[in-house]
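Geometric and topological summary
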Amino acid sequence: GYDLTWEEWVSFVHSADRESVTSQMERSRKEMNDVAMEYKIVRKDGEIRFIYSEARFEFDKEGNPLRKVGIVHDITERKKAEEELRISEMRFHEAQVAARISNWEIDYTTNNHYWSDEFCRIFKINKAKVQPSMELFLSLINPGDKDFVSDSMQEAFKTFTDSSLNFRF
């Protein structure tokens, strides 16, 4: 291992995170509580890395602190993947709006329904005021197509097959 002084350790913490990290560590020290946090560090070569760390106190039988131990995990790749996913989702949303295309899904295990923001916009549904459901979805369909759509969807659900339908709303 490599022993660092408090000052040496803090010098690695990115300046944007230093106040928060030192504040959390100081509070943990005073209250002798566990601490878990994410923050950025700047390596000696200038590379910025994302870190997840946990630290906890170990106490003797009388409740006196013996030491503080912890782990540090480099989560840079995970953070990059999260950012790439966020950007991809933003672009997907923008593409749906531009093309006036929407999507929906049903989770069979929970029976939860998801309607994209564009789906709600197309049908002038206030997403905050409605609970997506099969009944509400079917109520949006033109009465002349409702039985066909309902039967086709039930068949797809029963047989676990993909389906593509054209119908009027």
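Parameters at a glance
- Residue indices follow the written sequence of each chain, beginning from 1 at its first position.
- Confidence filtering applies because this is a predicted model: local features only for residues at pLDDT of at least 70, side-chain atom pairs given and counted only at 80 or more, and all residues used for totals across whole chains, interfaces and linings.
- The basis for every side-chain value is the complete set of heavy atoms in the structure, and neither hydrogens nor water enter the calculation.
- We count a stretch as a helix when DSSP gives it H or I for four or more residues in a row; a strand needs E for two or more, and each element gets its number in order from the N terminus.
- Only Phe, Tyr and Trp rings take part, Trp by its six-membered ring, and two of them pair if their centres are within 6.5 Å. Stacked means planes under 30 degrees apart, edge-to-face means over 60, and tilted covers everything else.
- When a residue's accessible area, from a 1.4 Å probe over protein chains only, is under 20% of the maximum for its type it is buried; when over 50% it is exposed; and in between it is partly exposed.
- Salt bridges are counted wherever a side-chain nitrogen of Lys or Arg sits within 4 Å of a carboxyl oxygen of Asp or Glu.

Now for the environment of Arg 78. On the secondary structure map, Arg 78 appears in helix 3 (residues 76-99). C-alpha of Arg 78 to C-alpha of Phe 50: the two residues are 28 residues apart in sequence and 8.8 Å apart in space.

What follows concerns the packing of aromatic side chains. Under the criterion given, the structure shown has ten aromatic pairs. Ring centres of Trp 115 and Phe 119 lie 4.8 Å apart, and the angle between their planes is 40°; this geometry places the pair in the tilted category. Residue classification places Trp 115 among the buried residues on the basis of a relative accessible area of 2%. When its relative accessible area of 2% is taken as the criterion, Phe 119 is described as buried. With a centroid separation of 6.1 Å and an interplanar angle of 75°, the aromatic rings of Phe 137 and Phe 169 are classed as edge-to-face. Of the two residues, Phe 137 is situated in helix 5 (residues 134-139) and Phe 169 in the segment after helix 6 (143-159); the sequence distance between them amounts to 32 residues. An aromatic cluster is present here, built from Trp 104, Trp 115, Phe 119, Phe 123, Phe 137, Phe 167 and Phe 169 joined pairwise through their rings.

Moving on, we come to the pattern of salt bridges. Under the counting rule described, the total for this entry stands at 17 salt bridges. Among the salt bridges present, the one from Glu 38 reaches Arg 78, with a minimum N-O distance of 2.8 Å. With Glu 38 in strand 1 (residues 35-42) and Arg 78 in helix 3, this pair connects stretches of sequence that are 40 residues apart. Of the residues examined, Glu 38 reaches a relative accessible area of 39% and is grouped as partly exposed. Among the residues examined, Arg 78 registers a relative accessible area of 38% and is labelled partly exposed. Taking the shortest distance from any N to any O, the salt bridge between Glu 58 and Arg 67 comes out at 2.8 Å.

None of this, on its own, says anything about what the molecule does.
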